[in-house]
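Understanding the architecture of this molecule
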Amino acid sequence: MKRLVYLLMAMMLVGVVSVGCRQTAKPEQDAVDSDSVAIQEVMEIDSTIYGVCGEGTAMHTLELVTDGGDTLYYTMRVEEDADILGGMMVGDRMAVMGKEADGGLVAKRVINLTTLLGKWTSLDKNFEIVEGGMVNSNVEAESNPWVSWKILNGRLLLNTDTFDIVELGADSLYIENSQGIFVYKRAQ
C-alpha cells in the first residue's frame, strides 16, 4: 500500500512538472488549460484495487488476486460495517476500497463487478453494463444514453454522471446522486 502511495505521489509530481513545461509555449492560454489538466489528473487518481475473488474468501475475509498477480487478504470488520455490494463469490471480478490497520488490510467497500454487469431496466432506462467499460442503451428515443462506465474510488461513473451504489444484488441496483435515488431491476 505504501508503494501505491509513493507511486501516486510520483505520478502527480511528473504531471505537475510536465504541465509546468507546457506553460512556456503559450503562457496565457496554457496557464488555464494546465490548471484544469492538473485538477483532472488529481480527480482521476483511483484508490480502488481490482482483482478476482480467491478461494480463501470467507465470511469476514476477502482473498483478492489482484490484476497485478498479487494476493491480498482483506478483513471485513463487523464493528466498522464494511460495505459489500453484490456479494463475494469465488472467481468473480471485484473492486475493493480499503485501508491499512493493525498491520493488515481492512476492506471498507467491496463491489462485485461481475454482479454489476448485465441488463438493467427502469421506467425510463433500459441499458446493459458490459465488460470493458461500455454501456449499451436499449431505448432508441433516449436523449442522453449512457455509453461508458467505470468504478472510481468506490463510486459508479456512467458517462460523466457519478453515482453512489446504495444496493447491488442479483436482481436489483440502487444508485444515488444529487438528483435522487434511481432503482433498476435485472432484465432478462
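Rules of the game
Every chain is numbered independently, its residues counted from 1 as its sequence is written. Under the rules for a predicted model, residues below a pLDDT of 70 receive no local features and side-chain atom pairs below 80 are neither given nor counted, while totals for whole chains, interfaces and linings still include all residues. Note that the side-chain values use all heavy atoms of the structure and ignore hydrogens as well as water. Residue types Ala, Val, Leu, Ile, Met, Phe, Trp, Tyr and Cys, when buried and joined through side-chain atoms within 4.5 Å, form a set referred to as a nonpolar core. Relative accessibility under 20% of the residue-type maximum defines a buried residue, over 50% an exposed one, and the middle range a partly exposed one, all with a 1.4 Å probe and only protein chains included. Here a helix means four or more residues in a row that DSSP labels H or I, a strand means two or more in a row labelled E, and each is numbered from the N terminus. Contacts are residue-level and defined by heavy atoms, with any inter-residue pair within 4.5 Å sufficient. Paired strands, as defined in this entry, are two strands with at least two bridges between them according to DSSP. Of the grid points, spaced at 1 Å and generated over the protein atoms alone, those admitting a 1.4 Å probe that cannot get out make up cavities, while open sets with protein on both sides within 12 Å along at least five of seven lines make up pockets; any residue with an atom within 4 Å of a point is treated as lining. Grid points are joined across faces, edges and corners, and a volume is the space filled by probe spheres set on the points. Charged means Asp, Glu, Lys or Arg here, nonpolar means Ala, Val, Leu, Ile, Met, Phe, Trp, Tyr, Cys or Pro, and polar covers whatever is left, Gly included. In the sections that follow, a salt bridge refers to a side-chain nitrogen of Lys or Arg positioned within 4 Å of a carboxyl oxygen of Asp or Glu. Two aromatic rings, drawn from Phe, Tyr or Trp (for Trp, its six-membered ring), form a pair once their centres lie within 6.5 Å of each other, and the interplanar angle then sorts them: stacked below 30 degrees, edge-to-face above 60, tilted otherwise. Charge over a ring is defined by NZ of Lys or CZ of Arg lying within 6 Å of the ring centre and within 35 degrees of the ring normal.

1. Quick look at the nonpolar core
Membership of the largest hydrophobic core comes to 21 residues, with the highest contact counts inside it found for Ile-111, Leu-116, Trp-149, Ile-151 and Ile-165. Counting residues per element, the ones that place at least two in this core are strand E5 (93-101), helix H3 (113-116), strand E8 (126-130), strand E10 (149-152), strand E11 (155-158), strand E12 (161-168) and strand E13 (172-177). By residue number, the principal contributor to this core is E12, which donates 3 residues. Setting aside residues up to four positions removed in sequence, Trp-149 forms contacts with Leu-113, Leu-116, Leu-117, Ile-129, Val-130, Gly-133, Met-134, Val-135, Leu-156, Leu-157 and Leu-158. Core analysis: the next-biggest nonpolar cluster, separate from the first, contains 11 residues, Cys-53, Leu-64, Tyr-74 and Leu-105 among them.

2. Notes on the environment of Phe-127
Locating Phe-127 in the fold gives a position in strand E8. Taking relative accessible area as the criterion, Phe-127 reaches 2% and is therefore assigned buried. Between the C-alpha atoms of Phe-127 and Ser-137, which are 10 residues apart in sequence, the distance is 4.3 Å. If sequence neighbours within four positions are ignored, Phe-127 has contacts with Gly-118, Lys-119, Trp-120, Val-135, Asn-136, Ser-137, Asn-138, Trp-146 and Tyr-184.

3. Considerations on the pairing of E12
Note that E11 and E12 share 3 bridges and pair antiparallel. Note that in E12 the partner of Leu-157 across the bridge is Thr-162. Where E11 folds back on E12, the antiparallel hairpin that results is connected by 2 residues, among which Asn-159 adopts a positive phi of roughly 55 degrees. Between E12 and E13, which follow one another and run antiparallel, lie 3 residues.

4. Observations regarding the layout of surface pockets
There is about 160 Å³ of room inside the second largest pocket. In this structure, the second largest pocket is lined by Ser-122, Asp-124, Lys-125, Asn-144, Trp-146, Asp-161, Phe-163, Asn-177, Gln-179, Phe-182, Val-183 and Tyr-184. Those elements that place two or more of their residues in the lining of the second largest pocket are E12 and strand E14 (180-186). With 3 residues, the top contributor of residues to the lining of the second largest pocket is E14. By residue class, the composition of the lining of the second largest pocket is 5 nonpolar, 4 polar and 3 charged.

5. What about the pattern of salt bridges?
Taken as a whole and assessed by the stated rule, the structure comprises 3 salt bridges. Close ionic contact of Asp-67 with Arg-93 constitutes a salt bridge, the shortest N to O distance being 2.8 Å. Taken together, the positions of Asp-67 in the loop between strand E2 (61-66) and strand E3 (71-75) and Arg-93 in strand E5 put the pair 26 residues apart, joining distant regions of the chain. Across the pair Arg-155 and Asp-164 runs a salt bridge whose closest N-O atoms are separated by 2.8 Å. By relative accessible area, which is 32% here, Asp-164 ends up partly exposed.

6. Brief notes about the packing of aromatic side chains
With the rule as written, the count across this model stands at 5 aromatic pairs. On the numbers, 5.7 Å between centres and 80 degrees between planes, the contact of Trp-146 with Phe-163 is edge-to-face. Here the residue Trp-146 occupies a position in the loop between strand E9 (134-137) and E10, and Phe-163 occupies one in strand E12, the gap between them amounting to 17 residues. Take Trp-146 and Phe-163: they sit in the same class, and that class is buried. Taken together, the ring pairs in this structure connect Phe-127, Trp-146, Phe-163, Phe-182 and Tyr-184 into an aromatic cluster. Stacked on the ring of Trp-146, the Lys or Arg Lys-125 has its end atom at 4.0 Å from the ring centre.

7. Looking at unusual backbone geometry
Despite not being glycine, Asp-102 has its phi angle at roughly 50 degrees, a positive value. Its place among the elements puts Asp-102 in the loop between E5 and strand E6 (104-112). For Asp-102, a relative accessible area of 72% translates into the label exposed. Even without being a glycine, Asn-159 presents a positive backbone phi close to 55 degrees. For Asn-159, the location among the structural elements is in the loop between E11 and E12.

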